[in-house]
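# A structural walkthrough
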Amino acid sequence: MRNLASSLTRPLLSLGLCLGLAATAQAQDQVLNLYSARHYQTDEALYANFTKTTGIRINRVDTDDAGLLARLKSEGSASPADVVLLVDAARLWKAEEEGLFLPVKSSLLNQRIPEQLRAKESEQGTAWFGLSTRARVIVYNKMSVKKEDVLNYEDLGAAKNKGRLCTRSGSHPYNLSLFGSVYEHLGAAATEQWLKGMVLNMAREPKGGDTDQIKAVASGECAIAITNTYYLARMMRSEKPDDRSSVEKIGVVFPNQQSWGTHINIAGGAVARHAKNRANAIKFLEYLSSDAAQAYFANGNNEWPAVASVRPANPALEALGRFKSETIPVAVVGSHQPKVQQILDRVGYK
């Protein structure tokens, strides 16, 4: 009997060992293929913490939003992408319209991410979720502009500010989202008149990025500009003397505090349409809504958390203070992009 038992036990032990090794190998092979337009060094810790917590290894493709969307379209069903991270509501809306995302159902994400910061829900689920926010504010030269002249977005197109305005390209997604917000509030005719006024008020042709606009205001090249808050907060926290000097020369306005509130844009994420690791993809998006990940967004890249209960420990964001933000769904703002672009073409906003 002892020999029979021994002969039966050895195969069972071998089978158990094989199954154990297979399970270990499977755990080690857990991956997530991430296509990201977030090119912020501080996100490295965010991704490392996810792998440490879950054991899921992240393979990343980093490029700008337009490059990612073009790649997804060209790859089609062969795309290895599981999660896509983009940095603008208009881009997220466009990608959804082009069928590049897979709607998902997650009670956790629906609970954590406010409804106005995610795609409109369908029977299949939700196509994308905002994960962090930034405000689009007005900066002005304190020596040449009175704050009361730039209290509202509408003031950017007013005759009193002729020759004062600097912006980046009107067709840049950050501006398209702002203009889409104004379109929602004012309607087509008033928005076109406003954008025509902005063109007339230009101190120079649109060029550069948001940081360039801040520096142009500080140097006196122009007197007023618009920027996302995280660019401004980055300069406020900078150790570079030039950045500190520029910040000292400018004032900041959160526009439309007496009306609809300041425009809020988002960075967000979605599960790719042809994701091969869908469970891992949803787990990653849920992780990005956690308190720890939301704190990374705020303290590392100067963005406000999308989850209202998370309080950032960021001196620059604290210095900017509290403000009234608009409450319209960012998906609606994104949907106005084609109409806004047509207006920009008509008024000659480059």
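Residues numbered from 1 in each chain as written. Predicted model: local features only at pLDDT ≥ 70, side-chain atom pairs only at ≥ 80, totals over all residues. Heavy atoms only, no water.

## Comments concerning the environment of Val217
To be explicit about the condition: Each helix corresponds to a stretch of at least 4 residues labelled H or I by DSSP, and each strand to a stretch of at least 2 residues labelled E; elements are numbered beginning at the N terminus. Whether a residue is buried, partly exposed or exposed follows from its accessible area with a 1.4 Å probe, protein chains only, as a fraction of its type maximum: under 20%, in between, or over 50%, in that order.
Looking at the element boundaries, Val217 is found in helix H8 (residues 210–219). What makes Val217 buried here is its relative accessible area of 0%. A C-alpha to C-alpha distance of 5.7 Å links Val217 and Asn141, two positions 76 residues apart in sequence.

## Considerations on the layout of surface pockets
Here is the rule: Method remark: on a 1 Å grid restricted to protein atoms, a set of points is classed as a cavity if a 1.4 Å probe fits but cannot get out and as a pocket if it is open with protein on both sides within 12 Å along at least five of seven lines; lining residues have an atom within 4 Å of a point. Grid points are joined across faces, edges and corners, and a volume is the space filled by probe spheres set on the points. Throughout this entry, Asp, Glu, Lys and Arg are counted as charged residues, while Ala, Val, Leu, Ile, Met, Phe, Trp, Tyr, Cys and Pro are counted as nonpolar. The remaining residues, Gly among them, count as polar.
Reported here for the largest pocket is a volume of approximately 720 Å³. In this structure, the largest pocket is lined by 24 residues; those nearest its centre are Thr133, Trp304, Pro305, Arg322 and Phe323. The set of elements that each furnish at least two residues to the lining of the largest pocket consists of strand E9 (304–305), helix H13 (315–320) and helix H14 (330–335). In terms of residue class, the lining of the largest pocket is built from 15 nonpolar, five polar and four charged.

## Brief notes about the pairing of strand E3 (residues 83–86)
Defined as follows: Two strands qualify as a pair provided that DSSP identifies no fewer than 2 bridges between them.
The two faces of E3 match: Val83 and Leu85 on one face and Val84 and Leu86 on the other face are all buried. Here E3 pairs with strand E8 (residues 264–271) via four bridges, running antiparallel. Within E8, the position partnered with Val84 by the bridge is Ala270.

## Considering helix H3 (residues 65–75)
So the rule is basically this: Of all possible arcs, the one meant is that of the directions from the helix axis to the C-beta atoms. Here, residues are in contact when the closest pair of their heavy atoms is within 4.5 Å.
Buried within H3 we find Asp65, Leu68, Leu69, Leu72 and Glu75. For H3, the arc enclosing every buried residue in end-on projection is 135°, short of the 170-degree limit, so these residues lie on one face. In this structure, H3 carries Ala66 and Ser74 as exposed residues pointing more than 90 degrees from its buried face. Structurally, H3 contributes buried residues whose contacts are with strand E1 (31–36), strand E2 (57–62), E3 and helix H4 (89–97).

## Concerning the nonpolar core
Where we set the bar: Take the buried residues of types Ala, Val, Leu, Ile, Met, Phe, Trp, Tyr and Cys, join any two whose side-chain atoms come within 4.5 Å, and each joined set is a nonpolar core.
Core analysis: the biggest nonpolar cluster contains 49 residues, and Leu86, Phe101, Trp128, Phe284 and Leu288 have the highest contact counts within it. Here this core takes five residues from helix H11 (residues 278–288), the largest share from any one element. Not counting residues within four places of it along the chain, the set of residues in contact with Leu288 comprises Leu46, Leu85, Leu131, Ala293, Gln294 and Phe297. Among the nonpolar cores identified, the runner-up in size contains 27 residues, and Tyr230, Ala233, Phe254 and Ile264 belong to it.

On their own, these measurements won't tell you what the molecule is for.
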